[in-house]
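Examining the three-dimensional arrangement
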Amino acid sequence: MAPVILFPAIDLKEGRCVRLVQGDMAQATVFNDDPAAQAKAFEDQGFPWLHLVDLDGAFAGKPMNAAAVEAILARVGVPAQLGGGIRDMKTVEGWLTHGIRRVIIGTAAVRDPEFVREAARRFPGRIAVGIDAKDGRVAVEGWARLSEMSAEDLGRRFEDVGVAAIVYTDIARDGVLKGLNIEATLALANAVGIPVIASGGLASIEDVKRLLEPDCAVLEGAISGRALYDGRLDPTEALALIREAADA
């Protein structure tokens, strides 16, 4: 097993692969009109997982990019996790049946924690919780609103119910290439017994090196988006570093 998993992100808006700045749909940069081709490129580069987000779904509260997701699943063999607009059991079942390995529940984890618990009971190892925070408070509805809950309080809700992972995103850093918020991510990881994936801000190979430091051993991995698309992070170099650490 690698010491960390590096998940390349494919964010879907209107069927295209985009990146946002701090979750702002008005600041969307299109990187590929063919998400399935992008997914295949990531697989060919050696990434062991894909991280997919239905951005339109996150705002609509229901799947909106199903055709693009299905095209990705038909094209690649590596497992994929998916978040965005997953608010009921029918949607969970639908995505898992279509071949998504793990679904990420965000807004509904705040509004209806029992739904997450029931999904985790029914689908062991296949339910993740997305915790997106800004200034320490959890954001919902595609980051459009802030709740009063802290990331750690939300994480503790799901201890011992079978949640496979928490994807923790620092909204202030998402898409702006300022580096991962390791301090806040580790605080969450050390407060709960659920594997945590860091998201938001991964900017360079220095972030990957930081993830391989001993204190980050509690993390499952990290998600990289814009840095991979604009060339700031060389996937070959990053994956080689992770392999070397695993073999050490």
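These remarks concern the structure in this document. (Residues numbered from 1 in each chain as written. Predicted model: local features only at pLDDT ≥ 70, side-chain atom pairs only at ≥ 80, totals over all residues. Heavy atoms only, no water.)

**Description of the overall build of the chain**
Helix and strand content of the chain: eleven helices and twelve strands. A compact globule built from 248 residues would reach a C-alpha radius of gyration of about 18 Å, and the chain, at 16 Å, matches this within 12%. With respect to the principal axes defined by its C-alpha atoms, the chain has extents near 40 × 40 × 35 Å. Among the 248 residues that make up the chain, the fraction classed as buried is 56%. (Helix = DSSP H or I, 4+ residues; strand = E, 2+ residues; numbered from the N terminus. Rg over C-alpha atoms; globule rule 2.2 N^0.38 Å. Buried < 20%, exposed > 50% of the residue type's maximum accessible area, 1.4 Å probe, protein only.)

**Digging into the environment of leucine 186**
With respect to the helices and strands, the residue leucine 186 is situated in helix H8 (residues 182-191). The class of leucine 186 is buried, set by a relative accessible area of 10%. Separated by 153 residues in the primary sequence, leucine 186 and aspartate 33 have C-alpha atoms spaced 35 Å apart.

**Comments concerning the packing of helix H4 (residues 89-98) against helix H6 (residues 113-122)**
The angle between the axes and the distance between the axes are what describe a pair of packed helices. One can describe the packing of H4 onto H6 by two numbers: an axis separation of 11 Å at closest approach and a directional angle of 35 degrees. The interaxial crossing formed by H4 with H6 has right-handed handedness. Mapping the contact onto sequence places Met89, Val92 and Glu93 in H4 and Phe115, Glu118, Ala119 and Arg122 in H6. The class makeup of the residues in the contact of H4 with H6 is four nonpolar, no polar and three charged. (Axes fitted to C-alpha atoms, helices over the stretch in contact; angles between N-to-C directions. Left-handed = near helix turned anticlockwise from the far one by under 90°. Contact = heavy atoms within 4.5 Å. Nonpolar A, V, L, I, M, F, W, Y, C, P; charged D, E, K, R; others polar.)

**Comments concerning the environment of threonine 236**
You can see threonine 236 is positioned in helix H11 (residues 235-247). As a C-alpha pair, threonine 236 and aspartate 34 span 202 residues in sequence and 22 Å in three-dimensional space.

**What about the packing of helix H1 (residues 35-45) against helix H3 (residues 66-75)?**
Their axes nearest at 8 Å, the elements H1 and H3 cross at an angle of 35 degrees. Here H1 and H3 pass one another in a crossing that is right-handed. On the side of H1, the interface is formed by Pro35, Ala36, Ala37, Ala39, Lys40 and Glu43, while H3 contributes Ala68, Ala71, Ile72 and Arg75. When the residues that make up the contact of H1 with H3 are grouped by side-chain class, the tally is seven nonpolar, no polar and three charged.

**Considering the pattern of salt bridges**
According to the stated counting rule, one finds 17 salt bridges in the structure shown. Among the salt bridges present, the one from lysine 209 reaches glutamate 206, with a minimum N-O distance of 3.4 Å. With a gap of three residues between them, lysine 209 and glutamate 206 both fall in helix H9 (residues 205-211), about one helical turn apart. Residue lysine 209 is classed as partly exposed on the basis of its relative accessible area of 37%. (Salt bridge = Lys/Arg side-chain N within 4 Å of Asp/Glu carboxyl O.)

**Things to note about unusual backbone geometry**
Even without being a glycine, glutamate 14 presents a positive backbone phi close to 55 degrees. Along the chain, the position of glutamate 14 falls in the loop between strand E1 (5-13) and strand E2 (16-21). Its identity as a non-glycine residue notwithstanding, aspartate 160 has a phi of 65 degrees, on the positive side. Looking at where aspartate 160 falls in the secondary structure, it is placed in the loop between helix H7 (151-156) and strand E10 (165-170).

**A word on the nonpolar core**
Among soluble globular proteins, nonpolar side chains are generally buried collectively. Counting residues in each nonpolar core, the largest one holds 74 residues, and the members touching the most others are Val92 and Ile105. Dropping the residues within four chain positions of it, valine 92 is found in contact with Ile86, Val103, Ile105, Phe115, Phe123 and Ile127. (Core = buried A, V, L, I, M, F, W, Y, C linked by side-chain atoms within 4.5 Å.)

**Focus: the packing of aromatic side chains**
Under the definition given, this model contains four aromatic pairs. Considering the side-chain rings of phenylalanine 42 and phenylalanine 47, the 5.6 Å spacing of their centres and the 85 degrees angle between planes classify their relative orientation as edge-to-face. With relative accessibility at 1%, the residue phenylalanine 47 sits in the buried group. Taken together through their ring pairs, the aromatic side chains of Phe31, Phe42, Phe47 and Tyr229 make up a single cluster. The ring of tryptophan 49 has arginine 102 lying over it, and the distance from NZ or CZ to the ring centre is 4.7 Å. (Phe/Tyr/Trp six-rings, centres within 6.5 Å; stacked < 30°, edge-to-face > 60°. Lys NZ or Arg CZ within 6 Å of the ring centre and 35° of its normal.)

**Focus: H11**
Spanning 13 residues, H11 covers 18 Å between terminal C-alpha atoms, matching the ideal 18 Å at 1.5 Å per step. Listed in full, the buried residues belonging to H11 are Pro235, Ala238, Leu239 and Ile242. What you see down the axis of H11 is that its buried residues fit within an arc of 90 degrees, all on one side. In H11, the exposed residues that point more than 90 degrees away from the buried face are Thr236, Glu244 and Asp247. Residues of H11 that are buried make contact with E1, H1, H9 and helix H10 (226-229). The N-capping residue of H11, defined by a side-chain oxygen 2.9 Å from the backbone nitrogen of threonine 236, is aspartate 234. (Expected span 1.5 Å × (residues − 1). Arc of directions from axis to C-beta. Polar contact = N/O pair within 3.5 Å; in protein donor to acceptor, adjacent residues only side chain to side chain.)

So yeah, pure geometry; function would need other evidence.
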